[in-house]
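What follows is the residue order along each chain.
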Amino acid sequence: MLFNTLEFSIFLPLVFLIYWFVVNKNIKVQNLFLLFASYVFYGWWDYRFLGLIIFSSTVDFLIGLKLSKEEKTFNRKALLFLSLLINLGFLGFFKYYNFFLDSFVDAFTLFGSTFDSNRLNIILPVGISFYTFQTLSYSIDIYRKKMTATKDLIAFFAYVSFFPQLVAGPIERATNLLPQFSKKRKFEYENATDGLRQILWGLFKKVVVADNCATYVNEVFSNYAELSGSTLLLGAVFFAFQIYGDFSGYSDIAIGTSRLFGFNLMKNFAFPYFSRDISEFWRRWHISLSTWFRDYLYIPLGGSRGGMVMKIRNTFAIFLVSGFWHGANWTFLAWGFLNALYFLPLLLAEKNRINTNTVAEGKLLPSPKEFYQIIKTFLLISLAWVFFRSDTITDSFHYLKGIFSTSLFESPTFFDTKIFSISILSISILIFIEWIQRTKEHGLVLSSKTPFLFRWSVYIILVVLIFYFAGTKQEFIYFQF
Amino acid sequence: MNRFIKKCLLFFLAISTILLIGFLIPSNLIKENLHYSIYDKHQLLSAEKEKPRIILVGGSNLSFGIYSPLIEKEFEVEVINTGIHAGYGLKYIIDDVKPFIQKGDIVILSPEYSHFFNDFFYGSQALIQGLSVYPTNWKNLNWRQILICIKFLPKEALVKIKSYLTTFFKSLNIIDIYHRKSFNIHGDAVNHWNHPKTKAIPNDQLSGKLNKHAIEYVTEFANFIEKKNAHMYFSFPCLNKSSYKNSEVAINTFYNQISLKDFEIIGKPIDYSTNDSLHFDTHYHLTKKGQYFRTNKLIDDLKKHGLEEFIQLK
């Protein structure tokens, strides 16, 4: 089930009412109901893959229990290895089998050998990369003795499959989310209303910004060979807003929905396009994944404790793995590699933590220097997104070559001028509102002191914009990961 | 909690009121729009005729893709082009034309490819626009079409509000490309011939699951026509070459499935993929030159399939 569908608009109020009015007496029944609702939500897409979540949850639940009782280091390591093997095994099979097979065949073809490969027609289960990482964090944290294993099977299953964040995150750590399933949830008016505001803002970003930009982006990327450099640059910039609107919009809806049920999920985006350097960008973009890799990969590899060589190696490792996590294609690896290259000068100059505060804090506008830094960072990121969006590495290079040609100074092609204008208008609204709100939790935080008439006018305008300017419905980009 | 529920209901009421205003605006204010051309096309269809007629059934690939006088001249039969908008969905398009089929009619069904993928067979926003012109057609809808209508009701209400407000500032009597009066007496779109074509034709890429219900529905329609002692030909739409290239795998899958059916199929998809230069503003809308090209191609294929003999027999 997608958040921007009629089905979800019926599903959510129904689950909300049953959750708070029917099953609210007993926490176990409430968790059981959440589990049921989550499986309905997931099964709406393809019920056959529910078996995979149930199996993955069962394995980690049992391994967690064993790990918490086991004292011998060897046995503990073996149990952790088993968890990694099963979870990453599923992920590897469903997501990477054909990629490795094709790459293997291609490599041998280079040396003159040819042989038939048996490609499998594998459907990628929605959200597998997200819930696999979520369950892995549970096993690893128990292994590291950061938490104790839960004995509550229903709570654990509900944690793994919690519907707001099941298919596209934020990737929650067991240490944050699991205890919330053991505590009695209390309805808090302020939290719930702010959750609704966050959902509304997320819907605007997804349905108006991302889906309208997608129309232009699809045109540009399908015909890039025939288009001018200026159009290609515009296409890359629009894709930057599409992917931001799409993914941060999804995260806002997920977090807002969780708040309606009394759960607090981690922040996933912190206005990343106002970053002054790449390092700041990566602290503000897909935070739940970046911190996951930091805690479970970068730090175990030695982090920034060793010498410069080790720092560089670890930086490349984290960016490449992050790229590969996004998809089984060389384009994602190239995207990760390029971001690592961007990051490298900051690392070498030890300037990767100079912009840790909010840009232009307490000021209306950024200084010329900050403005230049923001634009520079945004353009670098937009160029890297070209790899992310292209079908092949060759396409990416041709696309970039097309940008840096003399036609960069020609007037761009707009295709459908109406959709183009809506995209520009929605991007402007997005930038304006998020700039004003950049110190807040999300784009639509409004205090109760704000006049009622103003608040409601904002809500109604946003709803009207969502209904009226909704772009052609596109799947959430991150569902494919 | 009560406060929260009350506020939510109040907000829902506020939004519903705005939308209700949209629904209540009399639609005759916008009766000159493209969708109202169905009135005129129905009038052509409902006339009792002694001689067989050629009825073209599909979306705008037909209205913007065929020039009926050429067919009429060639076969000496009346041609009615019922194509308006693919967004009605193939099911609605077929259901709408069914009551008008008469003995001896020759139906050329040419839906857009997208009708056979995912749920487009059931329509999109245009469905509700079509229904607002012909509310009695509600009775033909199934639950999937009703869901589509519910989904697009809010947007449609806002569109009506906007149209209503716009009429204060400009007359809708200006006949542009998408207007009730943009069609000739056969139902072909011709008004765009005097307009400059779009610089770059948007590309399409078909994806998703082939909808076998759509193919079955076409089969049932063909059987219905045969029972009426009429005849149906299935023809492929005029998709521009770049979109065709993008969607070749999906189109071949579709072709393999539809060619298993018993009804008569004219030509192959590739035969009707047209050069981008022949397109006017979308991947299915042709320029005057394009309309002539496709119509002549269709005439040739109809001759090969013995249409002349069929007409003589009738």
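Keep in mind that this is a model prediction, so the values were computed, not measured.

Points about the interface of chain B and chain A
The interface of chain B with chain A comprises 25 residues on the first partner and 25 residues on the second. Carbon and sulfur atoms supply 76% of the area that chain B and chain A bury against each other, a total of about 2,400 Å² over both sides. It is Met1, Phe4 and Phe11 of chain B in chain B that bury the most area against chain A; as a group they hold 27% of the surface buried on that side. Counting the contacts that link chain B with chain A gives zero salt bridges. Inspection of the region where chain B meets chain A yields one residue pair in polar contact (both at pLDDT 80 or more). Those elements giving two or more residues to the side of chain B that touches chain A turn out to be α1 (2–24) and α7 (143–169) of chain B. Considered class by class, the residues forming the side of chain B that touches chain A number 17 nonpolar, two polar and six charged.

Some thoughts on the side chain of Asp301 of chain B
All names here are of chain B. If you trace the backbone, Asp301 turns up in helix α11 (residues 288–304). Judged by its relative accessible area of 4%, Asp301 falls in the buried class. Beyond its immediate sequence surroundings of up to four residues, Asp301 is in contact with Ile266, Gly267 and Tyr272.

Some remarks on the nonpolar core
Soluble, globular proteins show a tendency: their nonpolar side chains are buried together. The biggest cluster of nonpolar side chains holds 161 residues, and the ones touching the most others in it are Phe261, Tyr273 and Trp385 of chain A. Discounting residues that sit within four places of it in the chain, Trp385 of chain A has contacts with Phe239, Ala240, Ile243, Tyr273, Phe281, Trp285 and Trp335 of chain A. Counting 82 residues, the second-largest nonpolar core is a separate cluster that includes Tyr36, Phe64, Ile94 and Tyr284 of chain B.

Thoughts on the domain arrangement of chain A
Residues and elements named next belong to chain A. When the domains of chain A are assigned, the result is domain 1 (6–185) and domain 2 (190–276 + 355–480). A straight line from the C-alpha centre of domain 1 to that of domain 2 covers 29 Å. Contacts between domain 1 and domain 2 engage 26 residues on the former and 18 residues on the latter. Taken together, both faces of the contact between domain 1 and domain 2 bury some 1,900 Å²; the carbon and sulfur share is 71%. On inspection of domain 1 and its partner domain 2, the count reaches zero salt bridges. Remark: the boundary between domain 1 and domain 2 carries four residue pairs in polar contact (both at pLDDT 80 or more). Here the element with the most residues in the side of domain 1 that touches domain 2 is helix α1 (residues 6–22); it accounts for six residues. Across the side of domain 1 that touches domain 2, the residue classes break down as 19 nonpolar, five polar and two charged.

As for the side chain of Thr193 of chain A
Residues and elements named next belong to chain A. Tracing the sequence through the fold places Thr193 in helix α8 (residues 189–222). Note on Thr193: relative accessible area 16%, which makes it buried. A distance of 3.0 Å separates the side chain of Thr193 from the backbone oxygen of Glu190, its partner in a polar contact.

Here's the deal with the packing of α8 of chain A against helix α17 (residues 452–469) of chain A
Residue and element names in this part refer to chain A. Orientation of α8 relative to α17, taken along the N-to-C sense of each, is 35°, at an axis distance of 9 Å. Seen along the crossing, α8 lies across α17 with a hand that is left-handed. On the side of α8, the interface is formed by Arg197, Leu200, Trp201, Leu203, Phe204, Val207, Val208 and Asn212, while α17 contributes Arg455, Tyr459, Leu462, Val463, Leu465, Ile466 and Phe469. Of the residues in the contact of α8 with α17, the class split is 12 nonpolar, one polar and two charged.

Re α17 of chain A
Along its 18 residues, α17 of chain A runs 25 Å from first to last C-alpha, staying within 8% of the 26 Å computed at 1.5 Å per residue. Turning to α17 of chain A, its buried residues number three or more, namely Arg455, Trp456, Val458, Tyr459, Ile460, Leu462, Val463, Leu465, Ile466 and Tyr468 of chain A.

Concerning the sheet that holds strand β3 (residues 106–110) of chain B
Residue and element names in this part refer to chain B. The strand order across the open sheet built from five strands is β2-β1-β3-β4-β5, with neighbouring strands paired in parallel fashion. A single partner strand is all that each edge strand has here, and the edge strands are β2 (78–81) and β5 (264–266). Across this sheet, the average inter-strand angle for adjacent strands is 25°, counted without regard to direction. In the sheet, strand β4 (residues 231–235) pairs with β5 via three bridges, with the strands oriented parallel. Residue pairing in the sheet places Ser235 in a bridge with Ile266 of β5. Sheet strands touched by helix α8 (residues 212–227): β3 and β4. Its angle to β4, the strand with the most contacts, is close to 150°.

A look at the packing of aromatic side chains
As enumerated under the stated definition, the model contains 92 aromatic pairs over all chains in all. A ring pair is formed by Tyr273 of chain A and Phe378 of chain A, whose centres lie 5.0 Å apart and whose planes are at 85°; its orientation type is edge-to-face. In this pair, Tyr273 of chain A sits in the loop between α9 (229–260) and α10 (278–284) while Phe378 of chain A sits in helix α14 (residues 368–389), placing the two residues 105 residues apart along the sequence. Here Phe378 of chain A falls in the buried class, since its relative accessible area comes to 13%. Look at Tyr67 of chain B and Trp193 of chain B: their rings are 5.2 Å apart centre to centre, the planes differ by 55°, and that puts the pair in the tilted class. Remark: Trp193 of chain B occurs in the loop between α7 and α8 and Tyr67 of chain B occurs in the loop between α3 (60–63) and α4 (68–75); sequence separation between them is 126 residues. Using a relative accessible area of 17% as the deciding quantity, one classes Tyr67 of chain B as buried.

Focus: a nonpolar patch on the surface
Together, Trp138, Trp143, Ile146, Leu147 and Ile150 of chain B line one region of the surface with nonpolar side chains, adding up to about 490 Å² of accessible area. Positionally, Trp138 of chain B belongs in the loop between α6 (125–133) and α7.

Considering the pairing of strand β1 (residues 53–58) of chain B
All names here are of chain B. The element β1 is largely enclosed, with a buried count of six among its six residues. Side chains of β1 alternate between two faces, with Arg53, Ile55 and Val57 and Ile54, Leu56 and Gly58 buried alike. Two strands pair when backbone bridges link them, and β1 and β2 are joined in this way by four bridges, in the parallel orientation. In the strand pairing of β2, Ile55 is matched with Ile80.

Basis of the calculations
- Here, residues in each chain are numbered from 1, in the same order as that chain's written sequence.
- Each chain is given a letter, starting from A, and each ligand a number, starting from 1, according to the order in which they appear as written.
- Reporting of local features is limited, given that this is a predicted model, to residues whose pLDDT is at least 70; pairs of side-chain atoms are given and counted only at 80 or more, and all residues count toward the totals for whole chains, interfaces and linings.
- Side-chain metrics rest on all non-hydrogen atoms present in the structure, leaving aside hydrogens and water.
- Any pair of residues with heavy atoms lying within 4.5 Å of one another is described as a contacting pair.
- A quick way to say it: buried area is the sum, across both parts, of accessible area lost when two parts are put together, with a 1.4 Å probe.
- Between Lys or Arg on one side and Asp or Glu on the other, a salt bridge is scored when a side-chain nitrogen of the former is within 4 Å of a carboxyl oxygen of the latter.
- Throughout this description, a polar contact denotes any pair of N or O atoms lying within 3.5 Å of each other; where both atoms belong to protein, one of them has to be capable of donating a hydrogen while the other can accept it, and for residues adjacent in sequence the pair is counted only when both atoms sit in side chains.
- Numbering goes from the N terminus for both helices and strands, where a helix is a DSSP run of H or I of at least four residues and a strand is a run of E of at least two.
- Think of it as three bins: nonpolar holds Ala, Val, Leu, Ile, Met, Phe, Trp, Tyr, Cys and Pro, charged holds Asp, Glu, Lys and Arg, and polar takes everything else, Gly as well.
- Burial classification: accessible surface area is computed with a 1.4 Å probe over protein chains only, and a residue below 20% of its type maximum counts as buried, one above 50% as exposed, and the rest as partly exposed.
- Put simply, a nonpolar core is a bunch of buried Ala, Val, Leu, Ile, Met, Phe, Trp, Tyr and Cys residues held in one set by side-chain atoms that sit within 4.5 Å of each other.
- Each domain's extent is set by a domain assignment, obtained either automatically or from a database.
- Structural elements are reduced to axes, namely lines fitted to C-alpha atoms, with helices fitted over the stretch in contact, and the angle between N-to-C directions of any two is expressed from 0 to 180 degrees.
- Handedness of a helix crossing follows the sense of rotation of the near helix relative to the far helix, less than a right angle counterclockwise being left-handed and clockwise being right-handed.
- By this rule, a helix spans an expected 1.5 Å times one less than how many residues it contains.
- Two strands qualify as a pair provided that DSSP identifies no fewer than 2 bridges between them.
- Within 6.5 Å between ring centres, the rings of Phe, Tyr and Trp (the latter by its six-membered ring) count as paired, and their orientation is classed by plane angle as stacked under 30 degrees, edge-to-face over 60, tilted in between.
- Grouping into patches uses exposed residues only, defined as over 30% relative accessible area, and leaves out salt-bridged ones; the cut-off is 9 Å for like charges and 5 Å for nonpolar side chains (Val, Leu, Ile, Met, Phe, Trp, Tyr).
- Exposure was quantified through the Shrake-Rupley algorithm and a 1.4 Å probe, taking into account, for residues, occlusion by the shown protein chains and nothing else.

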